[in-house]
Number of protein chains: 2
Amino acid sequence: MRRRNTPAKEAVLEVLKKAGKALNHETVQDNLSIDIDRATVYRVLNRFCDDGILHRVVAEDGKQYFAVCSKCDSEKHSDNHFHFRCTGCNTLECLPTPVQFTVPDGYLAESINCIINGRCKNCA
Amino acid sequence: MRRRNTPAKEAVLEVLKKAGKALNHETVQDNLSIDIDRATVYRVLNRFCDDGILHRVVAEDGKQYFAVCSKCDSEKHSDNHFHFRCTGCNTLECLPTPVQFTVPDGYLAESINCIINGRCKNCA
DNA sequence: TTTATTATTGCAACAAAATCGCATTAAAAG
DNA sequence: CTTTTAATGCGATTTTGTTGCAATAATAAA
Ligand SMILES: [Mn+2]
Ligand SMILES: [Mn+2]
Ligand SMILES: [Zn+2]
Ligand SMILES: [Zn+2]
């Protein structure tokens, strides 16, 4: 199933690259340079996640946030870092800080989802 | 607005106490000893959170999980610890491990939401 | 015990986030 | 240019959670 290059893909990725932070669907949609259907934007975002281009974080507001992967492999998402969600501007950024943790005996950790909520530099 | 004791409140709390872990709405509903309306269960859970009886965690599956507070004050929820969500039995537990973190200069941290996903001892 | 007050409930409607079915469109391979 | 099928648009649907409102019932007052 070879991927095709389309205006929708380019437009979505452009928005996320320009933002430099993770955005939720609504924010992506609002910043698109061309008109794309809602469902298509969702599908593009999901495909990018499958392909290791974006990674997805679910925040306390119940929404999915998408960010361009920097240290992620297309085989495996590296997301062992903290995320900071600003309640002011609805963005979410990957912090460099790695998350240190252990699990109880017999437990098996598969992935983590660590978010710090607050105000970013601009919104503080 | 003085709270009243009702069968619905008792039943919901009984389920959560017996579980000893955080459960989402659906799981609470499925384990009730009496028949209670969906909306009522949601309202009971929210009221318990307001009153500092339960605390709420939003997981990667986009659902809210509710757990009986142990170290929480009725004034302020103490939730600076990791949570473990088992993808096998759909439960979520508070781990004793506190979360260590720092935020970039100028950023203001207000709350955290840290979840480790994987398999619990029973489901590993 | 009886009555009054109003928190709580049930039910249906609603809202928001995300997904899905399906016919149509358009990348890109040949 | 033709063919193949990934990607799109559009509407319907699902899932999670909230809300309006009339009816019910817990609790305080009489
Ligand atoms: Mn990240
Ligand atoms: Mn907790
Ligand atoms: Zn901000
Ligand atoms: Zn389990």
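The rules behind the values
- Residue numbers run consecutively from 1 along every chain, following the written order of its sequence.
- Each chain takes a letter, starting from A, and each ligand takes a number, starting from 1, following the order in which they are written.
- Reporting of local features is limited, given that this is a predicted model, to residues whose pLDDT is at least 70; pairs of side-chain atoms are given and counted only at 80 or more, and all residues count toward the totals for whole chains, interfaces and linings.
- Side-chain numbers here rest on the full set of heavy atoms in the structure, without hydrogens or water.
- A cutoff of 4 Å decides nearness: a residue is near a molecule or strand if any of its heavy atoms lies inside that distance of it.
- By the criteria applied, helices consist of DSSP H or I runs no shorter than four residues and strands consist of E runs no shorter than two, each listed in order from the N terminus.
- Amino acid classes used here: Ala, Val, Leu, Ile, Met, Phe, Trp, Tyr, Cys and Pro are nonpolar; Asp, Glu, Lys and Arg are charged; the rest, including Gly, are polar.
- Working rule for contacts: check all heavy atoms of both residues, and any pair within 4.5 Å makes them a contact.
- Here's the idea: put two parts together, see how much 1.4 Å probe accessible area each one loses, and the total over both is what we call buried area.
- We count a salt bridge whenever a side-chain nitrogen from Lys or Arg sits within 4 Å of a carboxyl oxygen from Asp or Glu.
- Polar contacts, as used here, are pairs of N or O atoms within 3.5 Å; protein pairs need one atom able to donate a hydrogen and one able to accept it. Residues neighboring in sequence count only if both atoms are side-chain atoms.
- Whether two strands pair comes down to DSSP finding at least two bridges between them.
- Metal coordination here is assigned from N, O and S atoms located within 2.8 Å of the ion, or within 3.2 Å for Na, K and Ca; omission of water means that sites may look incomplete.
- The buried label applies to any residue whose accessible area, calculated with a 1.4 Å probe on protein chains only, is under 20% of its type's maximum; exposed applies above 50%, and partly exposed to all values in between.
- The convention used is that axes are lines fitted to C-alpha atoms, helices contributing only their stretch in contact, and that angles between N-to-C directions extend from 0 to 180 degrees.
- To define a nonpolar core, start from buried Ala, Val, Leu, Ile, Met, Phe, Trp, Tyr and Cys residues and group those joined through side-chain atoms within 4.5 Å.
- Note on aromatic pairs: the rings of Phe, Tyr and Trp (six-membered ring only in Trp) are paired at centre separations within 6.5 Å, and the planes decide the class, stacked below 30 degrees, edge-to-face beyond 60, tilted for the rest.

## Describing the protein's contact with DNA strand D
Around DNA strand D lies a shell of 24 residues, among which Thr6(A), Ala8(A), Arg47(A), Lys63(B) and Gln64(B) are the nearest. When the atoms of DNA strand D within 4 Å of the protein are grouped by moiety, sugar and phosphate amount to 62% of the total. Listing elements by their share of the surface near DNA strand D, those giving two or more residues are helix H3 (38-50) of chain A together with helix H3 (38-50) of chain B. For the surface near DNA strand D, the class distribution of residues is seven nonpolar, six polar and 11 charged.

## Notes on the interface of chain B and chain A
Contact residues are listed per partner, giving 34 residues for chain B and 34 residues for chain A. Approximately 2700 Å² of surface area, both sides summed, lies buried where chain B meets chain A, with 58% of it carried by carbon and sulfur atoms. Seen at the junction of chain B and chain A, the total is zero salt bridges. Inspection of the chain B/chain A interface yields 10 residue pairs in polar contact (both at pLDDT 80 or more). Going through the elements one at a time, strand E4 (81-86), strand E5 (91-98) and strand E6 (108-119) of chain B are the ones with two or more residues in the side of chain B that touches chain A. Where strand E6 (residues 108-119) of chain A lies against E6(B), 11 bridges are found, and the strand directions are antiparallel. When the sheet's bridge partners are listed, Gly118(A) is paired in E6(B) with Ala109(B).

## Section: the coordination of the zinc ion (ligand 3)
Residue and element names in this part refer to chain A. Looking at the zinc ion (ligand 3), one finds its protein donor set to be Cys86 (SG), Cys89 (SG), Cys120 (SG) and Cys123 (SG), positioned 2.2 to 2.5 Å from the metal centre. Mapping the donors of the zinc ion (ligand 3) onto the primary sequence gives the spacing C-x2-C-x30-C-x2-C. Given a relative accessible area of 1%, cysteine 120 falls into the buried group.

## Concerning the protein's contact with DNA strand C
Taken together, 24 residues form the shell around DNA strand C, and within it Lys63(A), Gln64(A), Thr6(B), Ala8(B) and Arg47(B) come nearest. When atoms of DNA strand C within 4 Å of the protein are sorted by moiety, sugar and phosphate together comprise 62%. For DNA strand C, a phosphate oxygen lies 3.0 Å from a polar atom in the side chain of Tyr42(A). In this structure, Arg47(B) approaches DNA strand C through a side-chain N or O atom, which is 2.7 Å from a phosphate oxygen. Of all the elements in the fold, those that place two or more residues in the surface near DNA strand C are H3 of chain A together with H3 of chain B. Each residue belonging to the surface near DNA strand C can be placed in one class, and the counts come to seven nonpolar, six polar and 11 charged.

## Observations concerning the sheet that holds E6(A)
Strand order in the open sheet formed by six strands is E5(A)-E4(A)-E6(A)-E6(B)-E4(B)-E5(B), with mixed pairing between adjacent strands. Of all the strands in the sheet, the pair left with one neighbour each is strand E5 (91-98) of chain A together with E5 of chain B. Each strand axis lies, on average, 25° off the axis of its neighbour in the sheet, ignoring direction. Looking at chain direction, strand E4 (residues 81-86) of chain A and E5(A) are connected through five bridges and run antiparallel. Residue Arg85(A) lies in a different strand from E5(A), and its bridge partner there is Leu92(A).

## With respect to the nonpolar core
In this structure, Phe82(A), Phe84(A), Cys114(A), Phe82(B), Phe84(B) and Cys114(B) are the most contacted members of the largest nonpolar core, which totals 20 residues. For this core, the secondary structure elements donating two or more residues are E4 and E6 of chain A together with E4 and E6 of chain B. Here Phe82(A) is in contact with Glu93(A), Cys94(A), Leu95(A), Thr97(A), Pro98(A), Val99(A), Cys114(A), Ile116(A), Val99(B), Gln100(B), Phe101(B) and Cys114(B), once residues within four sequence places are set aside.

## Description of the packing of aromatic side chains
Inspection of every chain in the model, using the stated rule, returns four aromatic pairs over all chains. Summarising the aromatic geometry, the rings of Phe82(A) and Phe101(B) are spaced 6.0 Å apart at their centres and angled 50° between planes, so their arrangement reads as tilted. Note that Phe82(A) is positioned in strand E4 and Phe101(B) in the loop between E5 and E6, a pairing that runs across two chains. Classification of Phe82(A) as buried rests on a relative accessible area of 0%. Using a relative accessible area of 31% as the deciding quantity, one classes Phe101(B) as partly exposed. Measuring from ring centre to ring centre gives 4.9 Å for Phe84(A) and Tyr107(B), while their planes differ by 80°; the resulting arrangement is edge-to-face. Residue Phe84(A) is located in strand E4, and its partner Tyr107(B) is located in the loop between E5 and E6; the two belong to separate chains. The class for Phe84(A) is buried, based on a relative accessible area of 1%. Looking at Tyr107(B), the relative accessible area reads 17%, which means it is buried.

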